[in-house]
Amino acid sequence: MAARPTWQGHLKLSLVTCPVALYTATTSTNDVRFHLINPETNNRIRMVPTDPDTGPVERADLVRGYEVSKDEYVLFDEADFDKVKLESTKTISIDKFVDESEIDRLYWADPFFVVPEKGAGVEAFAVIRDAMKKQGKVALGCLVLRGKERQLALEVRGKGLVAWTLRARDEVRDAGDYFDDIQSVKADADMVEIAARIIGQKEADFDPADFKDRYDDALREMIKTKAKGGTGTVGVAEPDDTNVIDLMAALRSSLKGSAGSEKKPAAKKAPAKKKSAA
């Protein structure tokens, strides 16, 4: 496996444990990335750690500090962090099992592939995985990851598991703070019916391959244009705040447009007639 594990430790269910590794399930390697450039020299800017009193310092010599009062810090080096020993630092201990539907989607964060390490622990991993699959449940546990203890939701996927980090309650804002001020409007029943029909015409299966990052593509086109010395704008103009004067007319036109754009199933060929025997 080419990728390096993000974390290595043990997966534990009661008295059953097995060594596992976590791998980041997503990648951003295909993103368009920019650097800060000095336009007068065309040189890339380097971010140099600087002490306001002594000037530039080596990053390797720096430690982290927690501010306890104005300009006063408690300092931590890597050895100090190693002294904080929780079970979740090296072990994902499964605490309980829940239905996936019980976890609000606002709490789901980053996915990781959970892979058993080669050796005797593979059988224990398979037992835990297959038992979860049989019960149809999501496992909950904790893990110290990237300097923070996170709750995890583990689900079966193929021959492995996927561990999702879950956001803590204080990380999720209260929707009421934003939705309570939305003006109460009773939508016209006929308009709702037409909108529902438009939705029905656009119903489809989800396929992540259908999504293309058009902004990313436009940036790449702009890069090619500028690399050849060209200029210009890529994309379309921003729409007005509203282009709807007659909402009912717009809905009816949308319904007709959706119906016309639907792909019609290919007509089935009539079966060939059998030739009669001479």
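All of the points below concern the structure found in this document. Not measured: the values here are computed from a predicted model. (Residues numbered from 1 in each chain as written. Predicted model: local features only at pLDDT ≥ 70, side-chain atom pairs only at ≥ 80, totals over all residues. Heavy atoms only, no water.)

1. Description of the overall build of the protein chain
Stage number 1. Counting its secondary structure elements, the protein chain contains 7 helices and 14 strands.
Stage number 2. When burial is assessed residue by residue, the protein chain has 19% of its 278 residues classed as buried.
Stage number 3. Sequence-distant contacts, at least 24 apart, represent 61% of the contacts inside the protein chain between residues at least 6 apart.
Stage number 4. Surface accessibility of the protein chain: about 23,300 Å² in total, with carbon and sulfur atoms responsible for 52%. (Helix = DSSP H or I, 4+ residues; strand = E, 2+ residues; numbered from the N terminus. Buried < 20%, exposed > 50% of the residue type's maximum accessible area, 1.4 Å probe, protein only. Contact = heavy atoms within 4.5 Å. Areas by Shrake-Rupley, 256 points an atom, 1.4 Å probe, with all protein chains shown as cover.)

2. Overview of the nonpolar core
Stage number 1. Grouped together as the largest cluster of nonpolar side chains are 20 residues, with contacts concentrated most on Leu11, Ile92, Val114 and Leu154.
Stage number 2. Looking at this core, the element that brings in the most residues is helix α3 (residues 121–135), giving 4 residues.
Stage number 3. Every residue in contact with Val114, bar those within four places of it in the chain, is listed here: Val20, Ala21, Leu22, Phe125, Leu154, Gly160, Leu161, Val162 and Ala163.
Stage number 4. Listed in part, the 7 residues of the second largest apolar core include Ile103, Trp108, Val138 and Ala153. (Core = buried A, V, L, I, M, F, W, Y, C linked by side-chain atoms within 4.5 Å.)

3. Some details on the pattern of salt bridges
Stage number 1. Evaluated as defined, the whole model comprises 8 salt bridges.
Stage number 2. Of the charged contacts, one joins Glu78 and Arg64 as a salt bridge, the two residues approaching to 3.0 Å between their closest N and O atoms. Of the two residues, Glu78 sits in helix α1 (residues 78–82) while Arg64 sits in strand β7 (residues 64–69), which places them 14 residues apart along the sequence.
Stage number 3. A salt bridge links Arg220 to Asp216; the shortest N-O distance between them is 2.9 Å. Placement of both Arg220 and Asp216 in helix α6 (residues 214–227) is noted, with a separation of 4 residues, approximately one turn of the helix. (Salt bridge = Lys/Arg side-chain N within 4 Å of Asp/Glu carboxyl O.)

4. A word on a nonpolar patch on the surface
Stage number 1. Taken together, Tyr66, Val68, Val74, Phe76 and Phe81 make up a surface patch of nonpolar side chains, about 470 Å² in accessible area.
Stage number 2. You can see Val74 is positioned in strand β8 (residues 72–76).
Stage number 3. A residue is classified by how much of its surface remains accessible, and Val74, at 38% relative accessible area, is partly exposed. (Patch = residues over 30% accessible without salt bridge, like charges linked within 9 Å, V, L, I, M, F, W, Y side chains within 5 Å.)

5. Considering the side chain of Arg129
Stage number 1. Tracing the backbone shows Arg129 in helix α3.
Stage number 2. Assessed through its relative accessible area of 17%, Arg129 is described here as buried.
Stage number 3. When residues no more than four places from it in sequence are discounted, the contact partners of Arg129 are Val156, Gly158, Lys159, Gly160 and Leu161.

6. Regarding the pairing of β8
Stage number 1. Relative to β8, β7 is paired through 5 bridges, and the arrangement is antiparallel. Note on β8: the bridge partner recorded for Arg64 is Phe76.
Stage number 2. The loop that links β7 with its antiparallel partner β8 comprises 2 residues; one of these, Asp71, has a positive phi angle of about 65 degrees. (Pairing = 2+ DSSP bridges.)

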